[in-house]
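Listed here are the chains, written in short residue letters.
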Amino acid sequence: MTRTYSLAHLAQHLGAELVGDPDLVIEGIANLLTADSRQISFLSNATYQKYLAETRAGAVIIAPDLAETFAGNKLVIANPYLAYAKLTKLFSRPSSLQGIHPSAVIGEQVELGEGVAVGPNAVIGNRCVIGEGTIIGPGTVIGDDCKVGKFTRFAANVTLYEDVIVGDECLIHSSAVIGADGFGFARASDKSWVKIYQLGRVVIGNRVEIGATSTVDRGALDDTIIGDGVKIDNIVHTAHNVRMGKNIAIAAMTGISGSVDIGDNSTLSGGVGVVGHISIANDVHITGMSMVSATITEPGSYSSGTVLAPTREWRKNAVRFRQLDSLANRIRSLEKALQKHDLS
Amino acid sequence: MTRTYSLAHLAQHLGAELVGDPDLVIEGIANLLTADSRQISFLSNATYQKYLAETRAGAVIIAPDLAETFAGNKLVIANPYLAYAKLTKLFSRPSSLQGIHPSAVIGEQVELGEGVAVGPNAVIGNRCVIGEGTIIGPGTVIGDDCKVGKFTRFAANVTLYEDVIVGDECLIHSSAVIGADGFGFARASDKSWVKIYQLGRVVIGNRVEIGATSTVDRGALDDTIIGDGVKIDNIVHTAHNVRMGKNIAIAAMTGISGSVDIGDNSTLSGGVGVVGHISIANDVHITGMSMVSATITEPGSYSSGTVLAPTREWRKNAVRFRQLDSLANRIRSLEKALQKHDLS
Amino acid sequence: MTRTYSLAHLAQHLGAELVGDPDLVIEGIANLLTADSRQISFLSNATYQKYLAETRAGAVIIAPDLAETFAGNKLVIANPYLAYAKLTKLFSRPSSLQGIHPSAVIGEQVELGEGVAVGPNAVIGNRCVIGEGTIIGPGTVIGDDCKVGKFTRFAANVTLYEDVIVGDECLIHSSAVIGADGFGFARASDKSWVKIYQLGRVVIGNRVEIGATSTVDRGALDDTIIGDGVKIDNIVHTAHNVRMGKNIAIAAMTGISGSVDIGDNSTLSGGVGVVGHISIANDVHITGMSMVSATITEPGSYSSGTVLAPTREWRKNAVRFRQLDSLANRIRSLEKALQKHDLS
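Below or above, wherever it landed, is the structure these notes cover. (Residues numbered from 1 in each chain as written. Chains lettered and ligands numbered in written order. Predicted model: local features only at pLDDT ≥ 70, side-chain atom pairs only at ≥ 80, totals over all residues. Heavy atoms only, no water.)

**A closer look at the packing of helix H1 (residues 7-14) of chain B against helix H2 (residues 80-91) of chain B**
Any two packed helices are characterised by how steeply their axes cross, that is the angle between the axes, and by the distance between the axes. All names here are of chain B. Two elements in contact, H1 and H2, have axes whose closest approach is 10 Å; the angle formed by their N-to-C orientations is 120°. Classed by the angle they form, the pair H1 and H2 counts as oblique. Both H1 and H2 take part in a crossing whose hand is right-handed. Two secondary-structure elements touch here, H1 through Leu10, His13 and Leu14 and H2 through Ala83, Lys86, Leu87 and Leu90. Counted by class, the contact of H1 with H2 contains five nonpolar, one polar and one charged residues. (Axes fitted to C-alpha atoms, helices over the stretch in contact; angles between N-to-C directions. Helix = DSSP H or I, 4+ residues; strand = E, 2+ residues; numbered from the N terminus. Parallel < 35°, antiparallel > 145°, perpendicular 65-115°, else oblique. Left-handed = near helix turned anticlockwise from the far one by under 90°. Contact = heavy atoms within 4.5 Å. Nonpolar A, V, L, I, M, F, W, Y, C, P; charged D, E, K, R; others polar.)

**So, the packing of aromatic side chains**
Scanning all chains against the criterion turns up 21 aromatic pairs over all chains. Where Phe183(B) meets Phe185(B), the ring centres are 5.2 Å apart and the plane angle is 75°; that geometry is what we call edge-to-face. On the accessibility criterion, Phe183(B) (22% relative accessible area) is partly exposed. Aromatic pair Phe321(B) and Phe321(C): ring centres 6.3 Å apart, planes at 55°, arrangement tilted. (Phe/Tyr/Trp six-rings, centres within 6.5 Å; stacked < 30°, edge-to-face > 60°. Buried < 20%, exposed > 50% of the residue type's maximum accessible area, 1.4 Å probe, protein only.)

**Points about the interface of chain B and chain A**
Opposite the 74 residues of chain B that make contact, chain A presents 84 residues. Between chain B and chain A, a total of about 6200 Å² is buried, with carbon and sulfur atoms accounting for 63% of that surface. Area buried by chain B at its contact with chain A is led by Leu308(B), Phe321(B) and Arg322(B), which between them contribute 12% of it. Where chain B meets chain A, there are seven salt bridges. Here Asp283(B) and Lys191(A) are joined by a salt bridge, their closest N and O atoms 2.7 Å apart. Put simply, chain B and chain A have 35 residue pairs in polar contact (both at pLDDT 80 or more) between them. Of all the elements in the fold, those that place two or more residues in the side of chain B that touches chain A are H2, strand S27 (231-232), strand S30 (249-250), strand S39 (309-310), helix H3 (311-321) and helix H4 (324-340) of chain B. Per-element accounting of the side of chain B that touches chain A gives the leading share, nine residues, to H4(B). Per-class residue counts for the side of chain B that touches chain A are 37 nonpolar, 26 polar and 11 charged. In the sheet, strand S38 (residues 300-303) of chain A pairs with S39(B) via two bridges, with the strands oriented antiparallel. (Buried area = accessible area lost by both parts, 1.4 Å probe. Salt bridge = Lys/Arg side-chain N within 4 Å of Asp/Glu carboxyl O. Polar contact = N/O pair within 3.5 Å; in protein donor to acceptor, adjacent residues only side chain to side chain. Pairing = 2+ DSSP bridges.)

Okay, here's the thing in structure tokens:
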């Protein structure tokens, strides 16, 4: 099942300059240290330049300014990391699903585009429209009245509730849940919670990837919206009525509360939390495990939290955190005392 | 499939005072700014009072003290937000599942109440008892010896392990897992872990909602207990032997460690962590991403963490956090020096 | 279905000294306070010694130095908690799954070992090899070319992507996802993300437990590796190219970023985050909700974060955190002023 390509073919695919043997057969991609003579590697980080001398890679993708430092076969291109990314697709394994498996259950008035594959025990609700070339994995359940674009792939055991819209060329990973109810309740006078049925939809753009066991809730009245090119990692929660722009990336274990707006190209590291009803501007970066508690209007990097330390040391400092305001007031008193005595 | 109601019907349903056209046909609910003449809206927050003048809503739910400020059709009632919550149910879409789908697999000695619906590829274990009107979504798996009450709904791809008890009118969302093993191991002398098989059950009360991909583990010896009216958001972990009272609400990405007791009506925001073997009193609120590291005996709001800042600024302060105890000692030394010289 | 054992049998099973009635029939395990005369209990924590006088347990597992304090039937052994763990297996319920359910879908060229059980609506891909005695729960989907060892158990609705290796005697809980794509993208010049197809595998050792809705991503080029005896709780994310040693335990809601190495026997509490491309030594413990932001080379316990406080008090101190660097500089200025005037 191994796919192989000539080095010339890879150069052409990337638009890279080939220096070396165009007929070299490449069977895979590997890191500089582990690559063998039938694999291509890449140098994307100057830190690893020292490995060029040792590498046994058949060829290396390298930037023009470093190309002279490597004598072997090479593909010279401005952004080797991006070139590597483009090559990975050539060596990836396509889905083996084809056609409609006899155990799949397909509802009434469903429109399936050409080449749609539906895996074993998948379920498609009534009145769904599934675009050309889309793949629906085993055990995946798609609710009534969903619309899915072309060449989108649902892995196994994904769930879409009813009335969810997904664009073209998306990839939704296993156990992800799209369109569950937003978390909305009104408190009655006896402190019990009255459910606010969630009447909005989820609308997902094109080229969106959503990680395993991540959730995107449907809107309360309006829709939850995920823009084109957004990439969401595993175990990320997107609450009702969130609106994401384009090309946002969100790492694992992050939670976005209700009615948050996130601007184009922003990136959230892992474990981040965003409180509800705020906005994050375009081109913002949030570092890991930070809590975003207010609107961010300016691009840039933002953080919260404290730094790891041995627990014994941490405990002493954490106790002092609870005295911080009083410590600050004591500093002010000291300053005033020195001023009073003309000692400052 | 749109449901419509006269304004008079909605007023009667809510017990609200109707001012305006009782025959107005209402087709849906929307926010003040987006509603059209066939939709009803609501004013629950004084901030949005400014939108009353612009709204094209066919009718507005409004509190008595503000009713004079709106000239159009209105339903006047003390708690418009609660009234809105009650109306959402009227406009929600009922499940399209009916009867037992032929692809469902139902075990031996199972008792299904009247009107139970079992979706495609759902699996029900042996000796389960499922109450009247309960709906079991496609791909949902219910283990042996489970007991489920009336009018409860399992969305698609839910999993219940064996011996789980779920009450009436619950809603369990997709990829939620109820009754998996609590995380219990004893360390052997060679540092390997010996599994503590989890022999308790999960017992869930009535009107409980559990979010998508959330987990509630079974107890080690005794049961894990979720009280009536508890609402749990997506991606929330409830460990073994947690005992929750009534009407608790827990937002997404929160983790509750083992043997924690949580009192009635308490609310945990998103991303909260609760360490094991502690209690949280009734009517406590924990703000987002806080860690509850000790028992809380008094009602009120509690927090931990630090506030977001530009990363460059944050880094300077985070370094100082590791010096906090020493800074506090230096303040004390300064105070002593001033005292010694009678300068304080 | 209740299993019963004589006290003599339990003593022999544990290698414990039996003091009392060898023929006593034991039907279960319970805590000291709830046990009845047909149940065995254990004393593993001196805090609970006070309950010995009250317990109605038929027998108690107890350490030699405390054995004298209890007059009833007892099993005397050095580590009662470990002994309790070993007994739980005797009272646990085996899976009721047997044979290949007719609704299961099994691919081509699949090798199933003796006694393999495949539940209803489970799906096994092409060319998989499943070892003797392994149990595959209802709705579980195993991708093409997976290899699973002996006596491993997949609960319901688990997903394995293709090319995943799982060892012997593992337990993978429901909605867990093993082998989804690592979160890898290269940014193009227009700020869109180009997917790095993930060409590595996941390789899981023996006696590994992975909790409900946890995810272990496949490697980018090399494999993601989970060592023997690792125990992972629910809702834990393990990113691509993580390498875990042996006997690591990771509590719920924790996220491990890409290319992290974790040493043998280390333990991570709940809600921890580990940034990418760092190492954690053997025998390290991370306390709850800490962020590990740099390599840890020494064994020991590490922490970050702040301590819970009433929100009103917390808010004052959190404001001061943003002034910490400036407060430290003011302390330095005060010290200099006192030095200048010979007052320190």
